Amino acid sequence: MKKSWISTSALAVIALNVMASAVNAFDHPKETYIATYNVSSPKVNAEMILGSDGKGIALMKMNDSNTKVREFSDYAANIKTTFDDSRKLALKAKMTEKDGEAYDMDRFKRNAIKEIGDKIIDGHPCKGYIYQYNGYTGEVWVGEDCKLLVYSEVVTKDGKTSVTLKKIDQKPTAEEFKYEIPSDYKVISEKENVQKPTGEQ
């Protein structure tokens, strides 16, 4: 049975604790940055990149040994385009509330069970929060200086998944946020993706 082509993208959602409806009520991130993270779990060790151009385009990239996934969220058009470059696939779908919140670091404070104090992590002064995800309890640390996720971890029945900030570029070029679907990619609609049985390409 073929693995799902969005499995790595799904890992990113779990790793970030992205807490479905249209996201028209959500404003785009105002910060401009490219942040690189390491995502570690018992099954996957991957690089994750999050970014915002501050003008309504946000991006997420996940790279592991098997899969390369890119995801661009266009807040003005209310469209998320996900690329699986290893398989030359592209999925276009309407953004959801989860997509809109994915780049909103204030959500950790809003949805926290409690605050757990202050700590310096890799030079970043951070605020810590306890949260719940699908019945599991984890912690997240957000930088007071960079206003980004610096570290998070959650322990499930499969073990610990952690997300660690490695570097930040606060002056990325506009080229980082440009994207188009190559002519040799297969485009999958949102409806087609929902109808695919789990595990099928």
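First, a word on what this report is: a plain description of the structure on this page.

About the cut-offs
Residues numbered from 1 in each chain as written. Predicted model: local features only at pLDDT ≥ 70, side-chain atom pairs only at ≥ 80, totals over all residues. Heavy atoms only, no water. Helix = DSSP H or I, 4+ residues; strand = E, 2+ residues; numbered from the N terminus. Core = buried A, V, L, I, M, F, W, Y, C linked by side-chain atoms within 4.5 Å. Buried < 20%, exposed > 50% of the residue type's maximum accessible area, 1.4 Å probe, protein only. Contact = heavy atoms within 4.5 Å. Pairing = 2+ DSSP bridges. Axes fitted to C-alpha atoms, helices over the stretch in contact; angles between N-to-C directions.

1. Observations concerning the environment of leucine 50
Thought 1: Tracing the chain through its elements places leucine 50 in strand β2 (residues 45–53).
Thought 2: As a C-alpha pair, leucine 50 and tyrosine 37 span 13 residues in sequence and 8.1 Å in three-dimensional space.

2. Points about the environment of alanine 77
Thought 1: Positionally, alanine 77 belongs in the loop between β4 (68–74) and β5 (79–84).
Thought 2: Distance from alanine 77 to methionine 95, taken between C-alpha atoms, is 9.0 Å for residues 18 residues apart in sequence.

3. Examining the nonpolar core
Thought 1: Judged by nonpolar contacts, the single largest core of 33 residues is most densely connected at Tyr37, Met48, Tyr103, Phe108, Val140, Leu148 and Leu149.
Thought 2: If you list the elements that add at least two residues to this core, you get β1 (32–40), β2, β3 (57–63), β8 (124–133), β9 (136–143), β10 (149–156) and β11 (159–169).
Thought 3: Ignoring sequence-local partners within four residues, the contact set of tyrosine 103 consists of Pro29, Tyr33, Leu50, Gly51, Ala58, Leu59, Met60, Glu71, Ser73 and Tyr75.
Thought 4: In terms of nonpolar packing, the next biggest core, distinct from the first, is built from nine residues, Ile34, Ile57, Phe72 and Ala90 among them.

4. Topic: the pairing of β1
The side chains of a regular strand alternate, residue by residue, between the two faces of the sheet.
Thought 1: In terms of strand pairing, β1 meets β2 through nine bridges, oriented antiparallel. Of the residues in β2, the one forming a bridge with threonine 32 is aspartate 53.
Thought 2: Hairpin connection from β1 to β2: four residues lie between these consecutive antiparallel strands.
Thought 3: Here β1 pairs with β11 via seven bridges, running antiparallel. When the bridges of β11 are listed, tyrosine 37 appears paired with leucine 165.

5. Observations concerning the sheet that holds β3
Thought 1: Spatially, the 12 strands line up as an open sheet ordered β7-β8-β9-β10-β11-β1-β2-β3-β4-β5-β6-β12, and their pairing is mixed. The open sheet is flanked by β7 (114–121) and β12 (186–189), the only strands paired with a single partner. Along the sheet, successive strands turn relative to each other by an average axial angle of 20°, direction set aside.
Thought 2: Where β7 and β8 come together, seven bridges link them in antiparallel fashion. Of the residues in β8, the one forming a bridge with glutamate 115 is tyrosine 129.

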